[in-house]
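Spelled out from the first residue to the last, the chains are:
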Amino acid sequence: MSKKQFKDNGYCIVKNAVSKELRDFITQYVFFDEMQGSNYFDYQVPNAIAKYGDPAMESVLVLLKDQLEKATGLKLDPTYSYYRIYGQGDALEKHVDRPSCEISCTVCFNYSYDNYEWPIYMNGNPAVLSPGDMVVYRGMDLEHWRDALDVDDEDAWHVQGFFHYVDTNGPHKEFKWDKRESIGAPL
């Protein structure tokens with residue numbers, strides 16, 4: 001079903017794409033990483049904590065490749081990974097991605113709030129993700145964004161992972177590994 005949705009709409013939602021154990025591990029990991037000061041603030045979401053090419057996230061990038069190939073029907077090469085910790089009031093501006101993000105997915109690892117849906121919009125269509133779900137999308141083609149996180153908790157957080165690929169046989173294949181020496185290498 002998701003391959004047809006992806007072909008027709010340019011995106012599809014994959015429920016339970018990552019296990020509870022993996023999402024809980026990643027959630028704890030990014031908060032420990034934040035404590036160690038090895039991440040940075042994000043230019044797209046200025047108050048958010050984020051990191052490019054983290055070793056744990058690069059491992060998830062490789063792990064998810066088969067699921068993305070199944071969802072898209074394409075043979076893919078990984079480019080890079082990224083994580084972001086959103087907080088109260090954070091919003092993701094409407095945008096399209098660069099060539100390294102020809103085929104992308106965003107995974108909801110976890111969040112601290114209840115009874116609130118915070119969709120990511122794909123060309124105006126809300127994609128609501130529960131922890132463990134991902135949306136696979138054509139990052140260069142679809143405008144995507146998030147409205148401000150607006151929950152009744154100033155300490156609210158939301159951990160999201162972004163995993164990017166290119167079509168092995170497509171026009172952006174030179175962006176394999178985001179033009180790095182390999183997956184896991186610094187930019």
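For the structure itself, look to the data block above.
Since the structure is predicted, the reported quantities are computational estimates derived from the model, not experimental observations. (Residues numbered from 1 in each chain as written. Predicted model: local features only at pLDDT ≥ 70, side-chain atom pairs only at ≥ 80, totals over all residues. Heavy atoms only, no water.)

Asks: Please explain the overall build of the protein chain as it appears in this structure.
Replies: Counting secondary structure elements, the protein chain contains 3 helices and 11 strands. Counting from the amino terminus, the protein chain carries its helices and strands in the arrangement α-β-α-β-β-α-β-β-β-β-β-β-β-β. Relative to the compact-globule value of 16 Å for 187 residues, the protein chain shows a C-alpha radius of gyration of 15 Å, a close match. Considered along the principal axes of its C-alpha atoms, the protein chain spans approximately 45 × 35 × 30 Å. Out of the 187 residues in the protein chain, the part that is buried amounts to 53%. For the protein chain, long-range pairs separated by at least 24 residues make up 80% of all intrachain contacts whose partners lie at least 6 apart in sequence. Charged side chains of the protein chain number 19 positive and 30 negative; the gap between the two group centres comes to 10 Å. (Helix = DSSP H or I, 4+ residues; strand = E, 2+ residues; numbered from the N terminus. Rg over C-alpha atoms; globule rule 2.2 N^0.38 Å. Buried < 20%, exposed > 50% of the residue type's maximum accessible area, 1.4 Å probe, protein only. Contact = heavy atoms within 4.5 Å. Lys, Arg positive; Asp, Glu negative; His and termini not counted. Charge placed at Lys NZ, Arg CZ, Asp CG, Glu CD.)

Asks: It is not clear to me how the sheet that holds strand β3 (residues 49-52) should be interpreted in this structure. Could you clarify?
Replies: Sheet strands pair by backbone hydrogen bonding; their relative direction is either parallel or antiparallel. Spatially, 7 strands are ordered β1-β9-β6-β11-β4-β3-β2 in an open sheet, and the strand pairing comes out antiparallel. Two strands in the sheet have a free side with no partner beyond their single neighbour: β1 (11-14) and β2 (40-41). Alignment of β3 against strand β4 (residues 76-87), held across 4 bridges, turns out to be antiparallel. When the sheet's bridge partners are listed, isoleucine 49 is paired in β4 with isoleucine 85. (Pairing = 2+ DSSP bridges.)

Asks: Got a minute to help me understand the sheet that holds strand β10 (residues 144-146) in this structure?
Replies: Ordered by their spatial adjacency, 4 strands build an open sheet running β5-β10-β7-β8, and the pairing between neighbours is antiparallel. Looking at the sheet topology across the chains shown, the edges are occupied by β5 (92-95) and β8 (125-127). Between one strand axis and the next, the sheet turns through 30° on average, direction left out of account. In this sheet, β10 lies alongside strand β7 (residues 120-122) in antiparallel orientation, the contact comprising 2 bridges. Looking across to β10, one finds that tyrosine 121 is bridged to tryptophan 145. (Axes fitted to C-alpha atoms, helices over the stretch in contact; angles between N-to-C directions.)

Asks: I keep staring at unusual backbone geometry and nothing clicks. Help me out?
Replies: A negative phi angle characterises most non-glycine residues, just as the trans form characterises most peptide bonds. Positive phi, normally seen in glycine, also occurs at asparagine 115, with a value near 55°. Here asparagine 115 is to be found in the loop between β6 (103-111) and β7. Classification of asparagine 115 by relative accessible area gives exposed; the value is 83%. Non-glycine residue lysine 179 carries a positive phi angle of around 65°. By secondary structure assignment, the location of lysine 179 is in the segment after β11 (157-167). Residue lysine 179 is classed as exposed on the basis of its relative accessible area of 55%.

Asks: Hey, could you run me through a negative patch on the surface in this one?
Replies: Judged by side-chain charge, Asp150, Asp152, Asp153, Glu154 and Asp155 come together as a negatively charged surface patch. Among the secondary structure elements, glutamate 154 is positioned in the loop between β10 and β11. (Patch = residues over 30% accessible without salt bridge, like charges linked within 9 Å, V, L, I, M, F, W, Y side chains within 5 Å. Areas by Shrake-Rupley, 256 points an atom, 1.4 Å probe, with all protein chains shown as cover. Salt bridge = Lys/Arg side-chain N within 4 Å of Asp/Glu carboxyl O.)

Asks: What is the right way to look at the pattern of salt bridges in this model?
Replies: Evaluation of the coordinates by the stated rule reveals 10 salt bridges. Among the ionic pairs, lysine 4 bridges to aspartate 8, the shortest N-O distance being 2.6 Å. Note that lysine 4 and aspartate 8 are positioned in helix α1 (residues 2-9) at a spacing of 4 residues, about one turn of the helix. Here lysine 51 makes a salt bridge to aspartate 33, at a shortest N to O gap of 3.3 Å. One end of the pair, lysine 51, is in strand β3; the other, aspartate 33, is in helix α2 (residues 20-36), and 18 residues separate them in sequence. Residue aspartate 33 is classed as buried on the basis of its relative accessible area, which comes to 8%. Salt bridges here are not isolated pairs; linked through shared partners, they connect Lys20, Arg23 and Asp24.

Asks: What is the right way to read helix α3 (residues 55-72) from this model?
Replies: Side chains three or four residues apart in an α-helix point the same way, a direct result of the helix having 3.6 residues per turn. Across its 18 residues, α3 extends 25 Å between first and last C-alpha, which sits within 8% of the 26 Å expected from 1.5 Å per residue. Where α3 begins, the capping side chain belongs to aspartate 54, and its oxygen is found 2.9 Å from the backbone nitrogen of alanine 56. Backbone geometry just downstream of α3 places glycine 73 in the positive-phi region, at approximately 75°. (Expected span 1.5 Å × (residues − 1). Polar contact = N/O pair within 3.5 Å; in protein donor to acceptor, adjacent residues only side chain to side chain.)

So yeah, pure geometry; function would need other evidence.
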